[in-house]
Amino acid sequence: MDEAAAALAVLRRHFRSFAFADATRTNDPDGSYAVSVVDVRQRPGADESAFLVGLLSAVCRACLWLAPGLLARAPEYSGAGTGKGLLVRAACAVAYGQQPQAITAGATGEELDKRLTAALMEAGAALKSDVLASAITERPAAVRPLGQSKTVRLNPTAWVAVTGNGVLLSEDLARRFLVVELDAGLEDPEARDFRGDFVGDTLAARDVLLGAALTIWRWGRQQGDTLPAGRPLGSFNQWARWCRDPLVALGCQDPAARVADAKAKDPRRQAVAEIFTAWWAAHRGHPVTVADLAEPVRMAADPMGRGRQYLAARIRALDGTRAAGFVLTRSPSTGKWEPDRYGLAETTAATSPGPVEGEI
C-alpha cells in the first residue's frame, strides 16, 4: 500500500498544474509553474479524482470488458484554454504512448453517430449518441456503417474521452462518463503563463508515470475483494474493482457519486420533470386522456405547438418514466375507439427536478 500511495503521489504531482475546478490550490513550491497548482498535500478533490480514475481506466482499458468514458468539461463562456484537450492528450501519452484520434461532433446527432461508427470500425480511440452509449456499455456493440443497411458487431476496447465547454450529458450517457470539471477562475484562461511542452514532457516521463499507474493497479488486484467497494455503477463492476476502488482506498473521491448530479443537469430530464410537475398541479393522480390534458401540461410537453399527434407520441413515450418524485403509467384502452389514459403517482417527495429513469 505504501508503494501504491507513493505511485499516486507521482501521478498527482505530474498533473498538478491542471485547473481542476474544486481543487485546493497553492503556489508551486518547486517554482516550475508561474500559476498556482493543485496542493497535493491535500486529499484529491472530486475533479482530480475523476481524472485519476479515468487515467487508470485508460491504462487498463484493453484488459477491461467495459469501462466508462471521460468527459473533460469547462464553463461555456470562459472555458477556452483551460487545458481540456491537453489533459486528454497527456492521459493518452501515459496509457498508449501516442496521441488520441480526435473526432469532432458534426452539425447533428446523426452526423456524430456516423463519425463514431467509422472510428470504431477502424479501431481508433475515439451529447446524445446511441452509438457512443452502446460502444461504452455493450460487447459486442452493433453499429450500422454509413450507406449500408446491415449492422456490424464490434468488440470495442477504445478508451473514450469527450471535451467541450458547457457540455451536458443527456439520457443514458449520464451514467457512462466520469466528469472532470476544469475552471481556471479567469475570464481568459488561455493567457496563463505556461512554458514547455507538457505532452512531450509526459512522453519523456512515460516509463515512470505508466509504472506508477500499473503499481496502483497491481496493488488493487492483489487486495481483491478486501478493498472496500464504492458506489455501484451499472454495467461497470469489473472496472470499479480494478480502477475505481483502489484509488478510492488510497484517498481519492468516488466519481460515481456524481452520476446523480449529471442526470439532474440533463436538459431532457429537466423537461420531463417540468411536464410532471405541471401535470401533478393540474390533475393530481387522476387518470386522463391526452386530449384532456390541461394547457400548462400541453405547453410543457409541446412548447413548439407541433400538434395532437406529436403530443400523443410524446406522452406515450414517457410511460413508466420516473422523474421529480413521480411515475407516469398508462392504462390501455378497453375498446377500439377509446383512448388510453395516463396517471401520475408520487414515488418520493417531489422537491426539485431530479434524475429520470426509463426515458427513451
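Everything below is about the structure shown above.
Now for a description of the structure that goes with this document. Please read these numbers as outputs of a predicted model, since none were measured by experiment.

## Remarks on unusual backbone geometry
At Arg284, a residue that is not glycine, the phi angle is positive and equals roughly 50°. Within the secondary structure, Arg284 sits in the loop between α10 (267-283) and α11 (295-301).

## Section: the packing of aromatic side chains
Evaluated as defined, the whole model comprises nine aromatic pairs. Ring geometry for Phe15 against Phe18: centres 6.1 Å apart, planes inclined by 35°, an arrangement best described as tilted. Residues Phe15 and Phe18 agree in their burial class; the two are buried. Arranged with centres 6.3 Å apart and planes meeting at 75°, the rings of Phe236 and Trp239 form a pair that is edge-to-face. Taken together, the ring pairs in this structure connect Phe15, Phe18, Phe20, Phe51 and Phe198 into an aromatic cluster.

## Some points on the pattern of salt bridges
For the structure shown, the criterion picks out 13 salt bridges. Salt-bridge contacts for Asp254 lead to Arg244; the nearest nitrogen and oxygen are separated by 2.9 Å. Taken together, the residues span a long stretch of sequence, with Asp254 in the loop between α8 (237-249) and α9 (259-265) and Arg244 in helix α8 at a distance of ten residues. For Asp254, a relative accessible area of 18% corresponds to the buried category. Across the salt bridge formed by Asp319 and Arg330, the nearest N and O atoms sit 3.8 Å from each other. Taken together, the positions of Asp319 in the loop between α12 (308-317) and β8 (322-323) and Arg330 in strand β9 (residues 326-331) put the pair eleven residues apart, joining distant regions of the chain. The partly exposed category is assigned to Asp319, whose relative accessible area is 32%. On the basis of relative accessibility, which here comes to 25%, the residue Arg330 falls in the partly exposed class. Shared partners join several salt bridges into a network, and the residues in it are Asp225, Arg241, Arg244, Asp245 and Asp254.

## Thoughts on the pairing of strand β3 (residues 69-74)
Most of β3 sits out of view: six of its six residues are buried. Here β3 shows two buried faces, one formed by Gly69, Leu71 and Arg73 and the other by Leu70, Ala72 and Ala74. Bridge count between β3 and strand β7 (residues 177-181): five bridges; the pairing is parallel. Counterpart to Arg73 in the pairing with β7 is Glu181. The sheet contact formed by β3 and strand β6 (residues 161-165) spans five bridges and is parallel. By the bridge assignment, Ala72 is partnered in β6 with Thr163.

Here is what the cut-offs are and how they apply
Residues numbered from 1 in each chain as written. Predicted model: local features only at pLDDT ≥ 70, side-chain atom pairs only at ≥ 80, totals over all residues. Heavy atoms only, no water. Helix = DSSP H or I, 4+ residues; strand = E, 2+ residues; numbered from the N terminus. Phe/Tyr/Trp six-rings, centres within 6.5 Å; stacked < 30°, edge-to-face > 60°. Buried < 20%, exposed > 50% of the residue type's maximum accessible area, 1.4 Å probe, protein only. Salt bridge = Lys/Arg side-chain N within 4 Å of Asp/Glu carboxyl O. Pairing = 2+ DSSP bridges.

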